[in-house]
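Listed below are the residues making up each chain.
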Amino acid sequence: MSSKEVIDVLLEEDRTFSPPEEFAKDANANDPKIYEEGEDLEAFWAERAEENIDWFEKWDEVLDWSNPPYAEWFINGKLNASYNCLDRHLKNGRKNKAALTWEGELGETVTYTYQTLYNEVCKFANVLKGLGVEKGDRVAVYLPMIPEAAVVMLACARIGAPHTVVFAGFSPSALAERMNDAEASVVVTCDGYYRRGNVIDHKTKTDKGLEEVEKLDDVIVVQRAENDVNMEEGRDHWWHELMADADRDCEPEVMDAEDMLFLMYTSGTTGKPKGVVHTTGGYLTYATTTSKYIFDLKEDDTYWCTADVGWITGHSYIVYGILANGASMVMYEGAPNYPTKNRFWEIIEKYQVNILYTAPTAIRLFMKWGAEYPESHDLSSLRLLGSVGEPINPRAWMWYHEHIGGGECPIVDTWWQTETGGIIVSPLPGITELKPGSATNAFPSLEVDVLDEDGNPADSGYLAIKRPWPGMLRTLYNNPERFENTYWSKWDNTTYFAGDGAKKDEDGYIWVLGRVDDVMNVSGHRLSTVDIESALVDHESVAESAAVGVKHDVKGHVPFAYVILDDKAEPSEELKQELRNHVSDIVSPIAKPADLVFAPDLPKTRSGKIMRRLLKAIANGEDMGNTSTLANPEIAEELQAKVAKEEVAATK
Ligand code: WTA
């Protein structure tokens, strides 16, 4: 299907859903006037920052946008993110409230109240200090979904040491690459964790990555699975041993609003991941405010976000935005089908979850498994549903609405990115009329539009953000040039280029269509075609390769690769499997090509650039369009025939 056809299919969906009266009555945002208030950008955010954040010292100026694309927010304001997530709740009546309830895959439950989470965070902050970590030092975190991940992040924030969390599913070399780029010499990891009942040996994987780390001082190891691990004398320390001796008092560091809070690496269109820099005042104000209005957090709510802390969603909407609001959240370690396909619904029933935030890929998986699983559970505690990570097709939206939300819960389809720090396009559940498949409108104060190549407003084109917002990335770590080129050079340097295609309908609703660059979203995980290609050419049998995303019913997209073999290598089924596994080892199992073909050559433009658009069309069984600009048009047809003959059906 061409993107035009995709749009047409999306727009065939014409049902709309108004906020239920009961919901709207008590919603944190229920007056459309909030959009008018947002027109005064600085006044709007000044009020939100006062209302939602505790400052040690108030800012002098809300925004400095005199040097675009470099923005500064809340100039000279002083605050601490961990103070806002913890300390202030000890004084406002939430001391004994559950902050984080963790469920391990084996069924264990641990609840941290705001007080006990505070205790752990202060102790770990002192552990870091004891190891010589100072304000400004970067700390790497390579942890799965265990509560210690949140503890480490908040402890780093407490002492002003930016964290850089690396998704535990990423490979050892991905860890090393990020640590080297961030110049992090301390890493927090664990012995192992559970996935579908098996122990994943995470420490061995960590050690493999650490071999490539240029400057390494300390490794802190959380004991989760009690598997046998190798501990290197002098370098490796057990978390529980360090914590046993740690002092529980740790004053939060006074941070400037523009001090870096964390670094988060994300895939871009060249091989090297980009270190997205988020600062303290703007990010925290943005994450906290969007959480409050979009998730409509209330004192008694139990909120569950199923994302991993290794991604931006886990940063903004598991840790910072949620805890700063003093909410109660659930964190789950494992797989949705372990021990049975009922696991998510059991968790919702057990903790009486009110707000569920998950990804379209998960929803499509549940749909495939069948409605009988959710239907055999009482999900009536749910009052609001959320979706993030990729476009949600109207059919999955309707299924989510009906079978999980009982036909009554509003759905917030939230579009945003690692770079935006928080949600940009989303309904406000007490105000917005929903259209299944559309992320609806920009958050108050934001100006989002769909622009054509020349920057003119269009019905169909590129998604752009035309005004600064507090949660925006400030730069790419040690690479301001790439920051300017990637996001602020397509039109002018005050218009943010998101890299997504979108459509605007006659009511001004935004329909996000997916990436227009060489980035793909696999099960909501962001990967670059280059990550996959570099892993393939790393193999001795491969001369050249090109990876593209192929549409998949459940995962959104899956990687598919074209491989040109080295002259000495022979194509075979075994080699195919070996290459697929090689990518899995080097990048991550999520990056493993669903399939690949051996190609004699790749279609190239006359200037020698691989035509990925064409390769994508071929892999998806779509029309190739115009091939006249190719230097070697015959190869396109040859590949098309090959893909059809070998029944390369990655999507099935
Ligand atoms: C995609 C995840 C459509 C999009 C928060 C974006 C979405 C990329 C949506 C960022 C949505 C995220 N509808 N597409 N609601 N949410 N995306 O940085 O392509 O991991 O550019 O941030 O995910 O992925 P990232």
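Residue positions are given per chain, counting from 1 as you read along its sequence in written order. Totals for whole chains, interfaces and linings use all residues, but because this is a predicted model, local features are given only for residues with pLDDT of at least 70 and pairs of side-chain atoms are given and counted only at 80 or more. Note that the side-chain values use all heavy atoms of the structure and ignore hydrogens as well as water.

(A) Structural detail: the overall build of the protein chain. Only DSSP runs of H or I reaching four residues or more are called helices, and only runs of E reaching two or more are called strands; each is numbered from the N terminus. Helix and strand counts for the protein chain come out as 21 helices and 30 strands. Over its C-alpha atoms the protein chain spans a radius of gyration of 24 Å, differing by no more than 12% from the 26 Å that the globule rule assigns to 652 residues. Counting only C-alpha atoms and orienting by the principal axes, one finds that the protein chain spans roughly 70 × 60 × 55 Å. The cut-offs for exposure are 20% and 50% of the maximum accessible area for each residue type, with area from a 1.4 Å probe on protein chains only; residues under the lower value are buried, those over the upper are exposed, and the others partly exposed. Residue burial in the protein chain is summarised as follows: out of 652 residues, 64% are buried. For the protein chain, the share of sequence-separated contacts (at least 6 apart) that also reach a separation of at least 24 residues comes to 71%. The accessible surface values rely on the Shrake-Rupley method and a 1.4 Å probe; as for residues, cover is taken only from the protein chains in view. As displayed, the protein chain has an accessible area near 24,500 Å², and 44% of this comes from carbon and sulfur atoms. Computation of the radius of gyration draws on C-alpha atoms, with the globule rule given as 2.2 Å multiplied by the number of residues to the power 0.38. Should any heavy atoms of two residues lie within 4.5 Å, those residues are counted as being in contact.

(B) Expanded view of the sheet that holds strand β12 (residues 236-238). Two strands qualify as a pair provided that DSSP identifies no fewer than 2 bridges between them. If you walk across this open sheet you meet the 8 strands as β12-β11-β8-β6-β7-β14-β15-β23, and the pairing is mixed. In this open sheet, the two strands that pair with only one neighbour each are β12 and β23 (475-476). As paired strands, strand β8 (residues 186-190) and strand β11 (residues 218-222) are joined by 5 bridges and run parallel to one another. Residue pairing for β11: C190 is matched across the bridge by V222. Lines are fitted to the C-alpha atoms to define the axes, a helix being fitted only along its stretch in contact, and any angle between axes, read from their N-to-C directions, falls within 0 to 180 degrees. Strand contacts of helix α9 (residues 202-210): β8, β11 and β12, with the helix running at about 155° to β8, the strand carrying the most contacts. On the sheet, helix α12 (residues 312-324) packs against β7 (163-165), β14 (260-266) and β15 (274-279) and is oriented at approximately 145° with respect to β14.

(C) Local environment of the sheet that holds strand β25 (residues 510-515). Pairing is antiparallel across the open sheet formed by 4 strands, whose spatial order is β21-β22-β24-β25. Lying at the two open borders of the sheet, with one neighbouring strand each, are β21 (448-451) and β25. Strand-to-strand twist of the sheet, defined as the mean angle between neighbouring strand axes without regard to direction, takes the value 45°. The pairing of strand β24 (residues 496-504) with β25 spans 5 bridges and is antiparallel. Bridge pairing links K503 to W511 in β25.

(D) Representation of the site of the ligand in the model. Surveying the vicinity of the ligand reveals 17 residues, the closest of which are D413, T414, T418, R515 and R526. Each polar contact in these results corresponds to two N or O atoms within 3.5 Å; when the atoms are within protein, one needs to be able to donate a hydrogen and the other to accept it, and residues that are neighboring in sequence are counted only if both atoms are side-chain atoms. Interatomic distance of 3.1 Å between a backbone N/O atom of G389 and a nitrogen atom of the ligand. One of the side-chain N or O atoms of R515 is found 2.7 Å from an oxygen atom in the ligand. Look at the ligand: alone it shows 520 Å² of surface, and the protein chains cover 98% of it. Every element with two or more residues in the shell around the ligand is listed here: α12, β20 (411-414) and β25. The near set for a molecule or strand comprises every residue that places at least one heavy atom within 4 Å of it.

(E) View of the domain arrangement of the protein chain. An automatic or database domain assignment supplies the residue ranges for each domain. What the domain assignment reports for the protein chain is domain 1 (7-502) and domain 2 (523-646). Between the C-alpha centres of domain 1 and domain 2 the distance comes to 32 Å. Tallying the contact residues gives 23 residues for domain 1 and 18 residues for domain 2. Note on definitions: buried area is the accessible-area loss of two parts on being combined, 1.4 Å probe, summed for both. A combined buried area of about 1,400 Å² lies between domain 1 and domain 2, and 49% of that area is made up of carbon and sulfur atoms. The largest contributions to the domain 1 side of the interface with domain 2 come from S267, W311 and T361, which together make up 30% of the buried area. Here, a salt bridge means any Lys or Arg side-chain nitrogen found within 4 Å of an Asp or Glu carboxyl oxygen. For the pair domain 1 and domain 2, the number of links is 1 salt bridge. Between E419 and R526 there is a salt bridge whose closest N-O contact spans 2.9 Å. Scanning the region where domain 1 abuts domain 2 turns up 10 residue pairs in polar contact (both at pLDDT 80 or more). Residue assignment for the side of domain 1 that touches domain 2 shows that the elements contributing at least two residues are α8 (172-182) and α14 (360-369). Counting residues per element, the side of domain 1 that touches domain 2 draws most heavily on α14, at 4 residues. Only Asp, Glu, Lys and Arg are considered charged, only Ala, Val, Leu, Ile, Met, Phe, Trp, Tyr, Cys and Pro nonpolar, and every remaining residue, Gly among them, polar. Residues that form the side of domain 1 that touches domain 2 fall into these classes: 5 nonpolar, 13 polar and 5 charged.

(F) The nonpolar core, seen in detail. In this structure, F124, F295, Y303, Y320 and I424 are the most contacted members of the largest nonpolar core, which totals 124 residues. The dominant element in this core, judged by the number of residues it contributes, is helix α7 (residues 147-159), at 10 residues. Excluding residues within four positions of it along the chain, Y303 makes contact with F295, L297, Y317, I322, S328, M329, V330, I355 and Y357. Buried residues of nine kinds, namely Ala, Val, Leu, Ile, Met, Phe, Trp, Tyr and Cys, make up a nonpolar core once their side-chain atoms join them within 4.5 Å.

(G) The arrangement of the packing of aromatic side chains in detail. Here is the rule: rings of Phe, Tyr and Trp (six-membered ring for Trp) pair when centre to centre is within 6.5 Å. Planes less than 30 degrees apart are stacked, more than 60 are edge-to-face, and the remainder are tilted. Counting across every chain of the model gives 40 aromatic pairs. Pairing Y70 with F483 gives two aromatic rings, centres 5.2 Å apart and planes at 45°, and the pair type is tilted. Taken together, the residues Y70 in strand β2 (residues 70-75) and F483 in helix α17 (residues 480-487) connect sequence positions 413 residues apart. Grouping aromatic residues by their ring pairs yields a cluster made of W65, Y70, W469, F483, Y487, W488 and Y496. Criterion for a charge above a ring: Lys NZ or Arg CZ within 6 Å of the ring centre, and within 35 degrees of the ring normal. In this structure, R48 packs its charged tip against the face of F44, placed 4.4 Å from the ring centre.

(H) Just the pattern of salt bridges, in detail. The final tally for this structure, using the stated rule, is 41 salt bridges. E47 is paired through a salt bridge with R48; the nearest N and O atoms lie 3.3 Å apart. A salt bridge links K435 to D505, with the nearest nitrogen and oxygen atoms 2.8 Å apart. Remark: D505 occurs in the loop between β24 and β25 and K435 occurs in the loop between β20 and β21; sequence separation between them is 70 residues. Owing to a relative accessible area of 10%, K435 belongs among the buried residues under this scheme. Through salt bridges with shared partners, a single ionic network connects E37, E47, R48, E51 and K292.

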